[in-house]
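Overview (structure and organization)
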Amino acid sequence: MSSILFAAIYLSDSASSSGLPLVNSSVSGQNDFVVNIHVGSEMLNVLKSRGFYLSQNRSFICFDSFVRDMFGNAISPLACTHALQVSGYQADAIQPDITAFDFNWSSSAKVTIRLDEPIAASSINVSVLAFFSALTNTSVAVGPADVTNFSVANDALGSLIGLSISETLADSFALAGVCLSPQSCAVLIGDDFVADMSGNILPAQLVAVDNFVADSTAPSLINVEVDMDSGYVTLIFSEPVDAANFAVSGVQLQAAP
Ligand SMILES: [Ca+2]
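Here the structure is a predicted model, which is why all the values come from computation and not from measurement.

Within the protein chain one finds two helices and 17 strands. Viewed in the frame of its principal axes, the protein chain has a C-alpha envelope of about 100 × 35 × 30 Å.

Printed below as a string of structure tokens:
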């Protein structure tokens, strides 16, 4: 059965549309009436990301001459305009899984989460996310306004979710000591964060960061306020600064520049 020409088999979502050639697949079994083709996860992900094969009503097959009988006679092609609907269908019932969680302070999309299969963008609920530091045993929850932008890219590898977080949330991280190093950065995923194309929900879990990129931008001084009665000088910075490392001797007060 190694004579099967996979690229001459097409999978489509209706009896009238052109199909996707079957790639990344293998055949198992003997020369027989029944041939089992194992469709690889990359091809399955392509089908899911295109919305194909999400139900029996969206599962069709058509083909060119992809196989021969034992005498060498090739099978007659079946045009995709007359594609055959599958007679048996088993929906995806497996929950998606996380394959990577990255945190990047120097990028506008600070958080990226990769899953092993395409997901439905409309299912995303960022308000069940929190970030956690095992060093300080502190977590910072994500509020509804804290994710300023999110993107979803579904492809053969699965799905890549990108989240841009608000300045307010970034400041909360800095003040709580969360996600300031690989050791202090994990994401706490609650129930119902995201579902796959068949509605299976990603299980709640705690995931440590895989790739961590620190902030390399220097803080700047935005404002200085002086109270001549109390004797306090108040310095306001563009981002939280580490008060333990504050060098008072490095600040000079003067009458004119
Ligand atoms: Ca699944």
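The next point concerns the domain arrangement of the protein chain. According to the domain assignment, the protein chain contains domain 1 (6-85), domain 2 (98-213) and domain 3 (221-250). With centres defined by C-alpha atoms, the gap from domain 1 to domain 2 works out at 37 Å. Across the contact, six residues belong to domain 1 and nine residues belong to domain 2. Here the residues of the side of domain 1 that touches domain 2 sort into two nonpolar, two polar and two charged.

Turning to the nonpolar core, a few remarks are in order. Ranked by size, the top nonpolar core spans 28 residues in total, and within it Ile113, Phe131, Phe173, Val178, Cys179, Cys185 and Val187 carry the most contacts. When contributions to this core are tallied by element, the ones reaching two or more residues are β7 (98-104), β8 (111-115), β9 (129-133), β12 (158-165), α2 (167-176) and β13 (186-189). In terms of nonpolar packing, the next biggest core, distinct from the first, is built from 13 residues, Tyr10, Leu11, Leu22 and Cys62 among them.

Asn45, Val46, Leu47 and Lys48 are the residues of helix α1 (residues 41-50) that are buried. Against the buried residues of α1 lie β1 (9-12), β2 (20-21), β11 (147-155) and β12. A positive phi of about 80 degrees marks Gly51, the residue just after α1.

Moving on, we get to the environment of Gly162. One can find Gly162 in strand β12. C-alpha of Gly162 to C-alpha of Phe71: the two residues are 91 residues apart in sequence and 54 Å apart in space.

Reading across the sheet, the four strands line up as β10-β9-β13-β14 and stay open at both edges, with antiparallel pairing between neighbours. In this open sheet, the two edge strands, each paired with only one partner strand, are β10 (138-141) and β14 (205-208). Sheet twist, expressed as the mean angle between neighbouring strand axes with direction ignored, is 25 degrees. In the sheet, β9 pairs with β13 via four bridges, with the strands oriented antiparallel. Within β13, the residue paired with Ala130 across the bridge is Leu188.

Our focus in this paragraph is the sheet that holds β2. Spatially, four strands are ordered β2-β1-β5-β6 in an open sheet, and the strand pairing comes out antiparallel. Lying at the two open borders of the sheet, with one neighbouring strand each, are β2 and β6 (84-85).

Let's shift gears to unusual backbone geometry. The backbone of Tyr53 sits at a positive phi, close to 60 degrees, despite the residue not being glycine. By the secondary structure assignment, Tyr53 is in the loop between α1 and β5 (60-63). Judged by C-beta crowding, with 22 C-beta atoms within 10 Å, Tyr53 ranks as buried. Of note, the phi angle at Asp192 is positive, near 75 degrees, even though the residue is not glycine. With respect to the helices and strands, the residue Asp192 is situated in the loop between β13 and β14. Classification of Asp192 by C-beta neighbours within 10 Å gives partly exposed; the count is 14.

Rules and cut-offs
Residues numbered from 1 in each chain as written. Predicted model: local features only at pLDDT ≥ 70, side-chain atom pairs only at ≥ 80, totals over all residues. Helix = DSSP H or I, 4+ residues; strand = E, 2+ residues; numbered from the N terminus. Domains from an automatic or database assignment. Contact = placed C-beta atoms within 7 Å. Nonpolar A, V, L, I, M, F, W, Y, C, P; charged D, E, K, R; others polar. Core = buried A, V, L, I, M, F, W, Y, C linked by C-beta atoms within 7 Å. Buried ≥ 20, exposed ≤ 12 C-beta atoms within 10 Å, placed from the backbone. Pairing = 2+ DSSP bridges. Axes fitted to C-alpha atoms, helices over the stretch in contact; angles between N-to-C directions.

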